[in-house]
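# Fold and geometry: a report
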Amino acid sequence: MVKRNTCVFISGYGSNLKSLIHNSRSHNFPVNISLVISNNINAKGLLHAKINSIPYLIIDTNKRNFENKILYNIKKHKISLICLAGYMKIISKSFINKCGKKIINIHPSLLPKYKGLNTFERIIKNGEKKTGCTVHFVNEKLDSGKLIIQKSFFISKNDKANILKIKTQKLEHKAFSEAIIKMYRYN
Ligand code: GRF
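Here's what I pulled together on the structure shown here. Residue numbers restart at each chain and count upward from 1, following the sequence in its written direction. Thresholds applied to this predicted model are a pLDDT of at least 70 for local features of residues and 80 or more for the giving and counting of side-chain atom pairs; totals over whole chains, interfaces and linings are not thresholded and use all residues. Note that water and hydrogens are dropped before the side-chain values are worked out from all heavy atoms of the structure.

Looking now at the site of the ligand. Within the structure, the ligand sits among Tyr13, Gly14, Ser15, Asn16, Gly86, Ile106, His107, Pro108, Gln169 and Glu172. A 3.5 Å cut-off defines polar contacts: any pair of N or O atoms within that distance qualifies, except that in protein one atom must be a possible hydrogen donor and the other a possible acceptor, and neighbouring residues in sequence count only when both atoms are side-chain atoms. A distance of 2.5 Å is found between an oxygen atom of the ligand and a side-chain nitrogen or oxygen belonging to serine 15. Between the ligand and the protein, one listed contact pairs an oxygen atom with a side-chain N or O atom of glutamate 172 at 2.4 Å. Look at the ligand: alone it shows 360 Å² of surface, and the protein chains cover 84% of it. More than half of the atoms belonging to the ligand lie within 2 Å of the grid points that define the largest pocket. Asp, Glu, Lys and Arg are counted as charged, while Ala, Val, Leu, Ile, Met, Phe, Trp, Tyr, Cys and Pro are counted as nonpolar; the rest, among them Gly, fall into the polar class. Residue classes in the shell around the ligand are distributed as 3 nonpolar, 6 polar and 1 charged. Summary of the distance rule: residues count as near a molecule or strand when at least one heavy atom falls within 4 Å of that molecule or strand. Each accessible area is a Shrake-Rupley result for a 1.4 Å probe, and residues are judged covered by the shown protein chains and nothing else. Of the two site types, the cavity is a set of points on a 1 Å grid over the protein atoms alone where a 1.4 Å probe fits but cannot get out, and the pocket is an open set with protein on both sides within 12 Å along at least five of seven lines, each lined by residues with an atom within 4 Å of a point. A molecule is counted as occupying a cavity or pocket when more than half of its atoms fall within 2 Å of that pocket's grid points.

And the structure:
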């Protein structure tokens with residue numbers, strides 16, 4: 001199987017990056033993690049790129065030409081898929097159009113519910129019975145592209161936001177890879 005080159009965008013801890021790197025080592029997983037891009041020089045997740053000898057790039061999103069720098073590297077590394085894994089910057093419409101690659105994102109709620117930030121606090125406040133995570137295609141609207149996969153669990157009476165985060169991330173680590181397998185299952 002020819003694995004597609006994949007780039008993971010991060011800003012922080014990188015637990016999803018870690019599980020993608022781990023799962024990509026299976027011979028029948030459809031992608032390789034070939035590049036990591038962070039908009040945060042202090043992102044802990046960069047460590048996973050370093051210890052696995054994966055090329056990485058730190059981008060200063062305050063610089064005017066930062067998107068061109070990303071596009072140049074996407075081309076250079078022959079990237080077919082971009083995974084947003086805790087990338088805390090909205091992807092512009094012009095980037096999506098110029099890039100022309102598949103871009104997917106993982107979000108810690110059952111979209112279309114709870115788009116945006118502070119999801120766990122809002123879920124608790126609204127007394128939801130169930131939550132989970134979503135992997136979806138990225139379009140120009142925040143957390144709004146076509147769904148690929150969702151995983152859910154029932155919220156216990158005593159769950160606080162930090163517990164919801166732990167439970168949700170455990171599902172995310174499975175969902176991201178399952179979504180990628182689903183995307184490429186027929187080719
Ligand atoms: C994840 O919970 C994801 O849903 C959200 O950002 C978080 C990133 O976590 N978009 P990590 O950096 O992968 O640990």
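All right, on to the packing of aromatic side chains then. Only centres within 6.5 Å qualify two rings of Phe, Tyr or Trp (six-membered ring in Trp) as a pair; their planes then separate them into stacked at under 30 degrees, edge-to-face at over 60, and tilted for everything else. Going through the model one piece at a time under the given rule, you end up with 2 aromatic pairs. A ring pair is formed by phenylalanine 9 and tyrosine 87, whose centres lie 5.0 Å apart and whose planes are at 75 degrees; its orientation type is edge-to-face. Pair noted here: phenylalanine 9 is in strand β1 (residues 4–10) and tyrosine 87 is in the loop between β4 (79–84) and α4 (93–99), with a separation of 78 residues, a long-range link. Exposed residues in this analysis have more than 50% of their type's maximum accessible area, buried residues have under 20%, and partly exposed residues fall in between, with area computed by a 1.4 Å probe over protein chains only. Exposure remark for phenylalanine 9: the relative accessible area of 0% places this residue in the buried category. The class for tyrosine 87 is buried, based on a relative accessible area of 9%. Here a set of aromatic residues connected by ring pairs shows up, and it is made of Phe9, Tyr87 and Phe95. Numbering goes from the N terminus for both helices and strands, where a helix is a DSSP run of H or I of at least four residues and a strand is a run of E of at least two.

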